[in-house]
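Each chain is listed here by its residues.
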Amino acid sequence: MGNTVIIGTQWGDEGKGKVVDLLSEHADFVVRFQGGNNAGHTMVVNGKEIISHLIPSGIIQQKNCFIGNGVVVDPFVLLEEIDYLTENNIDASPEMLKISDRAHIIMPYHKRLDAAREEKKGDDKIGTTGRGIGPCYEDKATRRGIRFADLLDTDLLKEKIETNLEEKNFYLENYHQAETLDLQEVIDQVLEIKDRLIPYIADVSVILFDGITSGKKLLFEGAQGTHLDIEHGTYPFVTSSNVVAGNAACGSGVGPVNLNEIIGICKAYTTRVGAGPFPTELFDAIGDQIQKTGAEFGATTGRRRRCGWLDMVVLRNAARLNSLTGIALTKLDVLDDLDEIKICTGYEYKGKSINDFPAQISVLSQCTPVYETHPGWKQDTSGIRNYDDLPENTRKYIARIEELSNVKIKIVSVGPGREATIIREQIL
Ligand code: GDP
Ligand code: IMO
Ligand code: MG
């Protein structure tokens, strides 16, 4: 109970948006702390689907939302999203949404660089979302990034764009043989939207601190998943930020003792978009069936998601890295029709068993999963709202995941809608 962090335990798209939307009812503030519009979080409310890429999913429940300093923000996408929400009668005005003055801005040249890098890599490409996320975080680390605070000083802003673009254009032209960008055009584009953005800028850390002091409850919305974390994931097939729960503190300017509950979102199976190792990936008819039943297409890029069995090496890794205090198990209904369901309990590598996630991609790529097989329940679970009404085999499957991960499954999700949820323990 208390301030709660929601993070993905796998490779993203676990259903974070649905759970954040659901839990937002009991929250006062909802905060994004990392990533950018590479995220695609889907909410289904009264049968209507809403996808958010940047603005915290808590906006649907009309809670005060914050984009923390750790997020990289494409301001053009942000304004589109604000307009999209407004058209759907959701208030995303500066009264409802604040953006950290320290958050970095994704500029048009970041997107151009993202695309050029991927093209040059050819078959070795990471399969990024092409949103300029990596190049923007690079500029942050090399200390030439442009932050929201810079929008408040037009002369400095122009100067920074000029310095950055001079270097980017040289690199685009000479290293990538890619099209360059026109300085005046970039400046004009940014100046055109600047005045709409300024009312949203705030010192988010200070507001969150005041909120905590006055007893407000905070909900932190992670993006991506633990195994896409830049340090703990399947490097280099990862995103460019720290995805793990600890970054909820750093990426929003809140001290770590304020993070009271850490809920890991875990699909009842596994999916991955983009390239990179995926030990339990299925290449057979069952994989296709899960992909179809689960409608596994990316919410951001529309790409078909790779599908496989639940991997406990992955989930245990996430439990340790994030200090999970609970799990929300999602998309359980997708497994309703299967005769048998497998759980990977560990890996085998060159005749040896491996229980911890290996750092070397070459090792991980050659790991074969060790499975245990569970009987399916062959029953529609999507209408069930009480835990005890779940079929016995479903409850056994859930109990086994709890046993293998040593974490309690506090929420079970059986459909995309907000209502299609079984709450076993109240959170927030
Ligand atoms: P996120 O990135 O973690 O927020 O997840 P996405 O929104 O990208 O992908 C999850 C998809 O599964 C979305 O289309 C959700 O509407 C859907 N979804 C979430 N929970 C469930 C569930 O329990 N059952 C089913 N069938 N779909 C779900
Ligand atoms: P949500 O929040 C799934 C993946 C991309 C690619 C890698 C790097 O919806 O779970 P990037 O554009 O970040 O440089 O791409 O990370 N990726 C995601 N996969 N869900 C996401 O977000 C993702 N965000 C990035 O497919 O493999
Ligand atoms: Mg997603």
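Remember, predicted model here, so these are calculated numbers, not experimental data.

Criteria and thresholds
- Residues numbered from 1 in each chain as written.
- Chains lettered and ligands numbered in written order.
- Predicted model: local features only at pLDDT ≥ 70, side-chain atom pairs only at ≥ 80, totals over all residues.
- Heavy atoms only, no water.
- Core = buried A, V, L, I, M, F, W, Y, C linked by side-chain atoms within 4.5 Å.
- Buried < 20%, exposed > 50% of the residue type's maximum accessible area, 1.4 Å probe, protein only.
- Domains from an automatic or database assignment.
- Contact = heavy atoms within 4.5 Å.
- Near = heavy atom within 4 Å.
- Polar contact = N/O pair within 3.5 Å; in protein donor to acceptor, adjacent residues only side chain to side chain.
- Donors = N, O, S within 2.8 Å, 3.2 Å for Na, K, Ca; no water.
- Helix = DSSP H or I, 4+ residues; strand = E, 2+ residues; numbered from the N terminus.
- Axes fitted to C-alpha atoms, helices over the stretch in contact; angles between N-to-C directions.
- Parallel < 35°, antiparallel > 145°, perpendicular 65-115°, else oblique.
- Left-handed = near helix turned anticlockwise from the far one by under 90°.
- Nonpolar A, V, L, I, M, F, W, Y, C, P; charged D, E, K, R; others polar.
- Patch = residues over 30% accessible without salt bridge, like charges linked within 9 Å, V, L, I, M, F, W, Y side chains within 5 Å.
- Areas by Shrake-Rupley, 256 points an atom, 1.4 Å probe, with all protein chains shown as cover.
- Salt bridge = Lys/Arg side-chain N within 4 Å of Asp/Glu carboxyl O.
- Lys, Arg positive; Asp, Glu negative; His and termini not counted.
- Charge placed at Lys NZ, Arg CZ, Asp CG, Glu CD.
- Buried area = accessible area lost by both parts, 1.4 Å probe.

Novice: Before we go on, may I ask you to explain the nonpolar core in this structure?
Specialist: One broad rule of soluble globular proteins: the nonpolar side chains tend to lie buried together. Core analysis: the biggest nonpolar cluster contains 55 residues, and Ile59, Leu78 and Phe148 have the highest contact counts within it. For this core, the domains that each give at least three residues are domain 1 (4–100 + 201–261) and domain 2 (104–197). Beyond its immediate stretch of four places on either side in the chain, Leu78 contacts Leu54, Ile55, Ile67, Val73, Leu97, Ile99 and Leu197. Judged by nonpolar contacts, the second largest core, of 50 residues, contains Phe66, Tyr397, Val407 and Ile409.

Novice: Before we go on, may I ask you to explain the site of ligand 2 in this structure?
Specialist: In the region of ligand 2, 20 residues are neighbours, and Asp13, Lys16, His41, Thr129 and Thr239 sit closest. Between Asp13 and ligand 2, the recorded distance is 2.8 Å, taken from a backbone N or O atom to an oxygen atom. With respect to ligand 2, the backbone of Gly127 contributes an N or O atom lying 3.4 Å from an oxygen atom.

Novice: Before we go on, may I ask you to explain the coordination of the magnesium ion (ligand 3) in this structure?
Specialist: Each pair of donors in an ideal four-coordinate tetrahedral metal site encloses 109.5 degrees, whereas pairs in an ideal six-coordinate octahedral site enclose 90 or 180 degrees. At 2.0 to 2.2 Å from the magnesium ion (ligand 3) lie its protein donor atoms, namely Asp13 (OD) and Gly40 (O). Taken together, the residues Asp13 in the loop between strand E1 (4–8) and helix H1 (16–23) and Gly40 in the loop between strand E2 (29–32) and strand E3 (41–45) connect sequence positions 27 residues apart. According to the relative accessible area criterion, Gly40 is buried, its value standing at 11%.

Novice: Sorry if this is basic, but what is going on with the packing of helix H3 (residues 108–121) against helix H5 (residues 154–174) here?
Specialist: Two quantities define a packed helix pair, namely the angle between the axes and the distance from one axis to the other. Where H3 meets H5, the axes come as close as 11 Å, and the angle between the chain directions of the two elements is 20°. By the angle class used here, H3 and H5 are roughly parallel. As H3 packs across H5, the resulting crossing turns out to be left-handed. Listed contacts from H5 to Tyr109, Arg112, Leu113, Ala116 and Arg117 of H3 are Asn164, Leu165, Lys168, Tyr171 and Leu172. In terms of residue class, the contact of H3 with H5 is made up of six nonpolar, one polar and three charged.

Novice: Help me understand a negative patch on the surface, please; the structure alone is not making it clear to me.
Specialist: There is a patch of like negative charges on the surface, built from Asp153, Asp155, Glu159, Glu162 and Glu166. Structurally, Asp153 can be placed in the loop between helix H4 (133–141) and H5. Judged by its relative accessible area of 36%, Asp153 falls in the partly exposed class.

Novice: Would you mind going over the domain arrangement of the chain with me for this structure?
Specialist: It is common to give the size of an interface as the accessible area lost on bringing the parts into contact. If you check the domain split of the chain, you get domain 1 (4–100 + 201–261), domain 2 (104–197) and domain 3 (266–423). When each unit is reduced to the centre of its C-alpha atoms, the spacing between domain 2 and domain 3 is 37 Å. Listed by partner, the interface residues are six residues for domain 2 and five residues for domain 3. Between domain 2 and domain 3, a total of about 350 Å² is buried, with carbon and sulfur atoms accounting for 45% of that surface. On the domain 2 side of the contact with domain 3, Gly127, Thr129 and Arg131 bury the most area, a combined 69% of that side's loss.

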